[in-house]
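This is what each chain is made of:
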Amino acid sequence: MLVLLNYLNGRLAPPLAGRYLDNIDPATGRVYGQIPDSGPEDIAAAVAAAEAALPAWAARPAEERGRLLEKIADLIDQNLEALALAECRDNGKPLALARSMDIPRAASNFRFFGTAAPHFATEAHVQPGLALNYTVRHPVGVVGCISPWNLPLYLFTWKIAPALAVGCCVVAKPSEVTPATAFLLSALCIEAGLPPGVLNIVHGTGPGCGQALVEHPAVKAISFTGGTATGRHLAATAAPLFKKLSLELGGKNPNIVFADCDLAAAVATSIRSSFANQGQICLCGSRLFIERPIYEAFKVEFLRQLKDQTIGDPLLPETKQGALVSEAHLHKVLAYIELAHKEGGTLLAGGHRATVPGRCAEGFFLEPTVFENLPPDCRTNQEEIFGPVVTLTPFDTEAEALAMANATDYGLSATVWTRDLARAHRLAPALHCGVVWVNTWLHRDLRTPFGGMKNSGVGREGGLEALRFFTEAQNICISLI
Ligand code: TXE
């Protein structure tokens, strides 16, 4: 039985109250480990350690902070297999995906912000003969990073790395559903020589310890990725305390396919954008709008390629679709499938729990599911399902596609498939979302601003946006007279 520990002031430590939660392998349905069920007392200890470490870490030259982050990146690379296996077991995702996407991206996050640290320059505003203004960007202080279960190490490090790069000290809480890689990261940080208290990792539930982190008066900023309802609750807690907040929340992303597109590319990538990571990526396109002249052709090819979406043991190389993250989440997604039937949808594929024989017989698997004939304003087309469930809807005009794409409370990302350059440029800025992909999906350049509009979030991560978020800007004005 794998028993995880918190990472507190440079050491691995059990939770102060000695309570633990079960960690379940979603591919087998069996408990395989114990997770600290930390409480406010663990958060208080972690924040105290971070406060003590802050002056020295903030004063350290950016090059040195950067070198340490790069060392952690190297250690992640060296431990790729162990980390990928832990991610696969914790989350149910195919091992091949963890190996090719999650873990390499975690290393990239540290490397990207490690190399960015010394290049993070500041501005000067000169008023010739009058005054010289220059901006000093101080690390905001001790910050809280709270991350979800879908891309565990990928999103955890995406928050921690920029905070550390600018000189903040961090108390981080990974999802209690997928804590294993954050635990392994603790050991790598110790091996890299990260000074005690600079990064502290506290395991536990949202209400049990995440809430205490958000409420703690010494925590000056919160970076959160997770569900929109949780984000709303966090904002209500943190806003009266005047904390800086970055919220990356849910999505209900449109995937708009025009008749002039490269159909083969559009279908192949749409399979990925619909079902990658079992549809549990906030950027997955769950509402597919297809121009009527190619609606049937797209549908036939999409359903044909869906058959290659092998569901199976996440450890096997041929598996394209693993288990959903938990039994509770599986039942939530199944409830949405029932709702889609009630709302009058026509089931084109999937719709049922899948059985995988052998060691995975009790796992939380679900067939990739496709519906059509659902109105754009029904709940199935409005609420974030966060599973392998998509809807197909035909459209006749660009204006109609745009209106349907924008008609949700979410605004994270959109994908457009067209060969018409003028249309792409016309449509992309009219889409109410933070990220638009044209003829591609999930293409990421870590320098670009990342985040959502409307109920998909507040603020942007990535590149300079993230570095600025974790700093407090101060203007200094020197008279030249
Ligand atoms: O997320 P939560 P859950 C969506 C998706 C999913 C739903 C719920 O629709 O079905 O959210 O998933 C911590 N104070 N996304 O329940 O609860 C929690 O412990 C402080 C979208 O897992 O939002 C975890 O570490 N922290 C998404 C983190 O918040 C709290 C990814 C996220 O948990 C807290 C995942 C509190 N009061 C789910 N309550 C995306 N956009 O990528 C919870 N937490």
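What counts, and at which threshold
Residues numbered from 1 in each chain as written. Predicted model: local features only at pLDDT ≥ 70, side-chain atom pairs only at ≥ 80, totals over all residues. Heavy atoms only, no water. Helix = DSSP H or I, 4+ residues; strand = E, 2+ residues; numbered from the N terminus. Rg over C-alpha atoms; globule rule 2.2 N^0.38 Å. Buried < 20%, exposed > 50% of the residue type's maximum accessible area, 1.4 Å probe, protein only. Areas by Shrake-Rupley, 256 points an atom, 1.4 Å probe, with all protein chains shown as cover. Lys, Arg positive; Asp, Glu negative; His and termini not counted. Charge placed at Lys NZ, Arg CZ, Asp CG, Glu CD. Axes fitted to C-alpha atoms, helices over the stretch in contact; angles between N-to-C directions. Parallel < 35°, antiparallel > 145°, perpendicular 65-115°, else oblique. Left-handed = near helix turned anticlockwise from the far one by under 90°. Contact = heavy atoms within 4.5 Å. Pairing = 2+ DSSP bridges. Nonpolar A, V, L, I, M, F, W, Y, C, P; charged D, E, K, R; others polar. Near = heavy atom within 4 Å. Polar contact = N/O pair within 3.5 Å; in protein donor to acceptor, adjacent residues only side chain to side chain. Salt bridge = Lys/Arg side-chain N within 4 Å of Asp/Glu carboxyl O. Right-handed = clockwise from strand over helix to strand, strands pointing away. Disulfide = S-S within 2.5 Å. Core = buried A, V, L, I, M, F, W, Y, C linked by side-chain atoms within 4.5 Å. Domains from an automatic or database assignment.

(A) The arrangement of the overall build of the protein chain in detail. From N to C terminus, the protein chain includes 15 helices and 25 strands. Against the 2.2 N^0.38 benchmark of 23 Å for 481 residues, the protein chain shows a C-alpha radius of gyration of 23 Å, consistent with a compact globule. The burial tally for the protein chain puts 57% of its 481 residues in the buried class. For the protein chain, the exposed area adds up to about 18,300 Å²; of that, 59% sits on carbon and sulfur atoms. Within the protein chain, one finds 40 positive and 46 negative side-chain charges whose respective centroids are separated by 3 Å.

(B) Structural context of the packing of helix 2 (residues 62-78) against helix 6 (residues 180-192). Following both chains from N to C, one finds helix 2 and helix 6 inclined at 125°, their axes separated by 9 Å at the closest point. By the criterion of interaxial angle, the relationship of helix 2 to helix 6 is oblique. Both helix 2 and helix 6 take part in a crossing whose hand is right-handed. Facing Leu68, Lys71, Ile72, Leu75 and Ile76 of helix 2, the residues of helix 6 in contact are Leu185, Leu188, Cys189, Glu191 and Ala192.

(C) Molecular detail of the sheet that holds strand 14 (residues 285-291). Spatially, the 7 strands line up as an open sheet ordered 15-18-19-14-13-21-22, and their pairing is mixed. Because the sheet does not close on itself, it has two edges, and the strands there are strand 15 (346-349) and strand 22 (435-438). Going from strand to strand, the sheet's axes swing by 25° on average, the running direction of each strand aside. Across 4 bridges, the pairing between strand 18 (residues 369-372) and strand 19 (residues 389-395) is parallel. If you follow threonine 369 over to strand 19, its bridge partner there is valine 389.

(D) View of the packing of helix 3 (residues 80-91) against helix 6. As a packed pair, helix 3 and helix 6 sit with axes 8 Å apart at the nearest point and diverge in direction by 155°. On the basis of their axis angle, the class for helix 3 and helix 6 is roughly antiparallel. Of helix 6, the residues touching helix 3 (which contributes Ala82, Leu83, Ala86, Glu87 and Asp90) are Ala180, Thr181, Leu184 and Leu188. Split into classes, the residues belonging to the contact of helix 3 with helix 6 amount to 6 nonpolar, 1 polar and 2 charged.

(E) Summary view of the site of the ligand. Trp149, Glu176, Thr230, Lys332 and Glu384 are the nearest of the 28 residues found near the ligand. Note that a nitrogen atom of the ligand is positioned 2.9 Å from one of the side-chain N or O atoms of glutamine 211. Between the ligand and glycine 227, the relevant distance is 2.8 Å, taken from an oxygen atom to a main-chain nitrogen or oxygen of the residue. Compared with its free state, where it exposes 810 Å², the ligand has 86% of that area covered by protein. At the level of elements, helix 7 (206-215), strand 11 (219-225), helix 8 (228-238) and helix 11 (327-342) are the ones that each hand at least two residues to the shell around the ligand.

(F) View of the side chain of asparagine 406. Take asparagine 406: it is sitting in helix 13 (residues 398-406). Assessed through its relative accessible area of 15%, asparagine 406 is described here as buried. Setting aside chain neighbours within four positions, we find asparagine 406 in contact with Ala430, Leu431, His432 and Lys454.

(G) Spatial organisation of the sheet that holds strand 1 (residues 2-3). Pairing in this open sheet of 3 strands is mixed, and the strands run 1-5-4 from one edge to the other. Each having just a single partner strand, strand 1 and strand 4 (20-25) make up the two edges of the open sheet. Alignment of strand 1 against strand 5 (residues 30-36), held across 2 bridges, turns out to be parallel. Its bridge partner being in strand 5, valine 3 is matched across the sheet by glutamine 34.

(H) Region of the structure containing the pattern of salt bridges. Under the defined criterion, the tally for this structure stands at 21 salt bridges. Of the charged contacts in the structure, one is a salt bridge between aspartate 74 and arginine 111, with a shortest N-O distance of 2.8 Å. With aspartate 74 in helix 2 and arginine 111 in helix 4 (residues 95-116), this pair connects stretches of sequence that are 37 residues apart. For arginine 111, a relative accessible area of 28% corresponds to the partly exposed category. The shortest N-O distance in the salt bridge between glutamate 398 and arginine 423 comes to 3.6 Å.

(I) Structural context of the pairing of strand 9 (residues 169-173). Taken across its 5 residues, strand 9 has 5 buried, putting it largely inside the fold. What you see with strand 9 is no split at all: Cys169, Val171 and Lys173 on one side and Val170 and Ala172 on the other are buried throughout. Of the pairings in the sheet, the one linking strand 8 (residues 142-146) to strand 9 comprises 5 bridges and is parallel in character. Note that in strand 9 the partner of isoleucine 146 across the bridge is lysine 173. Crossover strand 8 to strand 9 through helix 5 (residues 152-165) is right-handed. Here 3 bridges tie strand 9 to strand 10 (residues 199-201), and the two strands are oriented parallel to one another. The residue of strand 10 that forms the bridge with valine 170 is leucine 199. The β-α-β motif built from strand 9, the intervening helix 6 and the parallel element strand 10 has right-handed crossover chirality.

(J) Representation of the state of the cysteines within the structure. For the coordinates displayed, the defined rule picks out 0 disulfides. Free of any disulfide, cysteine 261 has its nearest neighbouring cysteine sulfur in cysteine 433, separated by 19 Å. Of all cysteine sulfurs in the structure, the one in cysteine 284 sits closest to cysteine 378, which takes part in no disulfide; the separation is 19 Å.

(K) Region of the structure containing the nonpolar core. Membership of the largest hydrophobic core comes to 96 residues, with the highest contact counts inside it found for Ile76, Phe110 and Leu194. Looking at this core, the element that brings in the most residues is helix 5, giving 10 residues. Counting contributing residues, this core receives three or more from each of domain 1 (2-249 + 456-479) and domain 2 (253-445). Non-local contacts of phenylalanine 110, meaning those with residues more than four positions away in its chain, are made with Leu69, Ile72, Ala73, Ile76, Thr157, Ile160, Ala161, Leu164 and Leu185. Of all hydrophobic cores here, the second largest spans 19 residues; its members include Ala266, Phe275, Val390 and Leu392.

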